[in-house]
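Coordinates in review
Next come the chains, spelled out residue by residue.
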Amino acid sequence: MCFKNPGGLSLIIKILFSVVFVFNFFPEPGSAATSPEITSILRGKAVYERYCIGCHGIKGNGRGAYAAGLNPRPRDFTMGIFKWTGGPSGSLPSDTDLLMTITEGVHGTAMPSWQALRESDRIYVIQYIKSFSIRFKQENPAPEIFIYPPPPETPAILEKGKLVFDKMGCSGCHGEKGRGDGPSSHTLTDDWGDPILPANFSKGVFKTGPEIWKNYRSVANGVGGTPMPSFLEQLKPAEIWEVVYYIRSLKEKE
Amino acid sequence: MKFNPITLLMAGMSLVLFFGKTPSSVAYEGVTVDNGGELYGTVKFKGEFPVNPIHKVLHNPEYCGESVEDQTFLINSENKGLQNVVLTIEDIDRGKKHDPVTVILENFKCHFVPHILAGEVGDSYEIKNSDPVLHNTHLRFEGATIFNVAMPPNGKNIIKPLTKAGVINAKCDAHTFMTGAIVVAKNPYFSVTDKNGAYKITDIPPGHYKLKIWHEGLAVKDKEISIKPNEKVNLSMEVGLK
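All of these numbers come straight from a predicted model, not from anything done at the bench.

What follows covers the pairing of strand β7 (residues 102-108) of chain B. All names here are of chain B. Looking at chain direction, β7 and strand β10 (residues 124-129) are connected through six bridges and run parallel. Counterpart to Val103 in the pairing with β10 is Tyr125. Relative to strand β8 (residues 111-113), β7 runs antiparallel, the two sharing three bridges. Within the sheet, the bridge partner assigned to Asn107 lies in β8 and is Phe112. Between β7 and the antiparallel strand that follows it, β8, lie two residues; Lys109 among them carries a positive phi value of about 50°.

Below, the structure is given as structure tokens:
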């Protein structure tokens, strides 16, 4: 090797590097990686490592130190699969969807409400959580489905809801009385191959909390990564409300 | 010559960043192929036939039957032909034209029919339920849910596009023995073996290629193939568990 002028070549390499670097990290407007976003990811990392790492793990794979004893297991963020999305089955969750889960927690599980954290920290940590899965770089969340306002609860609606429940075959998993004990209930697995049980309506506790519109969303969009399918294209909005009122009426008195 | 380490690092990163951005797959281009060759043959099962597990039906036995035989290995007992082997020639970027079609994935008598469906990127698939019971079609790509749709009796058919090459696994969670797959090819050079294990791929531009051989229960090595203009090549093979 006997270049007379290595300095010149170095200069070319440096210029080339700068050009390529700028193209990669400061891409055209509208694409994902802009510098404020990198800042939020770094802030989110700090929040994550303080509060989330124990269960969700340093790599975001749901294998934190306390994960082993938990059922359901903490979410593995690397797959980019989330239970509740505003968009139809298979859609990524929006930041709003994730914020809702973090703020309210997942009822009846080890995931607490993080309402006590500053909202800005919850938003930052979402940016960091999204960085665990390549899906968020490749796709955008689908637009939220429209949720029609609930009709008033009447005895007639509950009767119609039972018809929808029977016609759709909900009892196959959820059981005749909605106790989560249908004939298929013990054969079900999630995207990680872990056994998963259908919701037990007799307890009157839903993972999504008390709001009725979230039951509508679960029936319409299904529950991501689980056996619960989407009924969006199979039921009319009125029928979804009917079956939602019906499953809520299955709560048994203690 | 000497470069300082920072310069070398920059050079290296430039290469990675630049080539990292380049799309790895080229879109397929349909052209007229007038001197194309043909690849055909049969795939036979070698060795003792595996016994398909029998699944007990827990839900809807009144319709699906008390038990259902697994469909992984469908072997013709007379000629040993193995059904549902998917053969693809992936490394053709320019070749015969293919008009997009809609392939059907039917829920029928508590099975996915066909058990193995094949299509091409750009095609669509239509899910339908012909049974009087609720099924759900839960599709996963590399283990992650693509979507999961309820298929009640007399429900709507669901039509979706095939966007990415690879294997989409199908499962009905209501009847967990109901499994199947959609194999999505990059180009129209694919074929699924029939009940005699026979396949045929036509209009192959002359050249050397790699033939990928996929079966849900087997790992089969790729084969090198060579196609001359207008030539018909018989490539029959035996595959087995070992």
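With that settled, consider the packing of helix α7 (residues 155-168) of chain A against helix α10 (residues 237-249) of chain A. All names here are of chain A. Packing of α7 against α10 leaves a shortest axis separation of 7 Å and a crossing angle of 100°. The angle between α7 and α10 places the two elements in the roughly perpendicular class. Contacts between α7 and α10 involve Ile157, Leu158, Lys160, Gly161, Lys162, Val164, Phe165 and Lys167 from the first element and Glu239, Glu242, Val243, Tyr245, Tyr246, Ile247 and Ser249 from the second. The residue makeup of the contact of α7 with α10, split by class, is eight nonpolar, two polar and five charged.

Next up on the list: the confidence of the model for chain A. Segments scoring low in pLDDT should not have their predicted coordinates read at a detailed level. In the predicted model, chain A carries a mean pLDDT of 90, and the fraction of residues at 70 or more is 87%. The model gives residues 25-31 of chain A a pLDDT under 50, and that stretch makes six contacts with residues more than four places away or in other chains.

Scanning the model with the defined rule gives one disulfide over all chains in all. Disulfide pairing is shown between B:Cys64 and B:Cys110; the S-S distance is 2.0 Å. Here the S-S torsion is close to -60°, and the disulfide linking B:Cys64 with B:Cys110 is therefore left-handed. Here B:Cys64 is found in helix α2 (residues 61-64), whereas its partner B:Cys110 is found in the loop between β7 and β8, with 46 residues between them in sequence. Given the relative accessible area of 11%, B:Cys64 is considered buried. Left without a disulfide partner, A:Cys52 is nearest to the cysteine sulfur of A:Cys55, which lies 9.0 Å away. A relative accessible area of 14% places A:Cys52 in the buried class.

Here A:Asn71 and A:Pro72 are connected by a cis peptide whose omega angle stands at 0°. Residue position: A:Pro72 is located in the loop between α3 (53-56) and α4 (95-104). Going from B:Val113 to B:Pro114, the amide bond is cis rather than trans, its omega being -5°. Looking at the secondary structure, you find B:Pro114 in the loop between β8 and β9 (116-120). Unlike most non-glycine residues, B:Asn84 shows phi in positive territory, near 70°. For B:Asn84, the position within the fold is in the loop between β4 (67-69) and β5 (86-89). Relative accessible area serves as the criterion here: at 6%, B:Asn84 is assigned to the buried category. In this structure, B:Asp203 takes a positive phi of about 55° despite not being glycine. Look at B:Asp203 and you get partly exposed, because its relative accessible area is 35%.

Thresholds applied
Along each chain, residues carry numbers from 1 onward, in the same order as the chain's sequence is written. Each chain takes a letter, starting from A, and each ligand takes a number, starting from 1, following the order in which they are written. Totals for whole chains, interfaces and linings use every residue, but because this is a predicted model, local features are given only for residues with pLDDT of at least 70 and side-chain atom pairs only at 80 or more, for both listing and counting. Note that the side-chain values use all heavy atoms of the structure and ignore hydrogens as well as water. One bridge is not enough; two strands pair if DSSP finds at least two bridges between them. Here a strand is any run of E in DSSP of at least two residues, a helix any run of H or I of at least four, and the numbering for each starts at the N terminus. Lines are fitted to the C-alpha atoms to define the axes, a helix being fitted only along its stretch in contact, and any angle between axes, read from their N-to-C directions, falls within 0 to 180 degrees. Relative orientations are named as follows: roughly parallel for angles under 35 degrees, roughly antiparallel for angles over 145 degrees, roughly perpendicular for angles from 65 to 115 degrees, and oblique for any other angle. By definition in these notes, contact holds between two residues if any of their heavy atoms fall within 4.5 Å. Classification convention: Asp, Glu, Lys, Arg as charged; Ala, Val, Leu, Ile, Met, Phe, Trp, Tyr, Cys, Pro as nonpolar; all other residues, Gly among them, as polar. Confidence scores per residue from the predictor, reported as pLDDT, run from 0 to 100. Cysteine sulfur atoms are paired as a disulfide whenever they fall within 2.5 Å. Only protein chains enter the accessibility calculation, which uses a 1.4 Å probe; a residue is then buried when its area is under 20% of its type maximum, exposed when over 50%, and partly exposed in between.

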